[in-house]
Amino acid sequence: MVDDSRLVKFYVYRLTDRQREIVEWAAQGMTNKAIGMKLFIAPSVVARHLTNIFGELATLEELKEVKPNRYVLIRVFAPFLDRHQELRREERAG
């Protein structure tokens, strides 16, 4: 779908730390409520972050034909984060 080198740049340079946290949890299939509980923020704040993330994803050439949503996020980032464990916040923190 999206070339790994481009996705690494996107993930590291285009997303904020908080957005990366949310991507990591959402890519595991967690709901907004569950992510909010983990991060001590309201589900509506998680939803707002996801909307911003979807907007950023829409700028990627490979996704220009697709309207980014939670399914696209999971399809793109779940395997990406499995391949790049070093980028995970929990890996860096721990």
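Structure: see above.
This write-up is about the structure you can find in this document.

Rules of the game
Every chain is numbered on its own, with residues counted from 1 as its sequence reads. Whole-chain, interface and lining totals are the exception, using all residues; otherwise, since this is a predicted model, local features are given only for residues with pLDDT of at least 70 and side-chain atom pairs are given and counted only at 80 or more. Water and hydrogen atoms were dropped before computing side-chain values, which therefore reflect all heavy atoms in the structure. Centres within 6.5 Å make a pair out of two Phe, Tyr or Trp rings, where for Trp the six-membered ring is used; the pair is then stacked when the planes are under 30 degrees apart, edge-to-face when over 60, and tilted otherwise. In these notes, a set of buried Ala, Val, Leu, Ile, Met, Phe, Trp, Tyr and Cys residues joined through side-chain atoms within 4.5 Å is what counts as a nonpolar core. For every residue, the accessible area (1.4 Å probe, protein chains only) is compared with the maximum for its type, and the residue is labelled buried under 20%, exposed over 50%, or partly exposed between those bounds. Numbering of helices and strands runs from the N terminus, with a helix taken as a DSSP run of H or I at least four residues long and a strand as a DSSP run of E at least two residues long. In what follows, residue pairs with any heavy atoms lying within 4.5 Å of each other are defined as contacts.

**A look at the packing of aromatic side chains**
The final tally for this structure, using the stated rule, is 4 aromatic pairs. Linked through ring pairs, Phe10, Tyr11, Phe77 and Phe80 together constitute an aromatic cluster.

**Let's talk about the nonpolar core**
With 28 residues, the main nonpolar core has Leu73 and Phe77 as its most contacted residues. When contributions to this core are tallied by element, the ones reaching two or more residues are α1 (4-14), α2 (17-27), α3 (32-39), α4 (43-57) and α5 (70-83). Per-element accounting of this core gives the leading share, 6 residues, to α5. Non-local contacts of phenylalanine 77, meaning those with residues more than four positions away in its chain, are made with Leu7, Phe10, Tyr11, Val23, Ala27 and Leu57.

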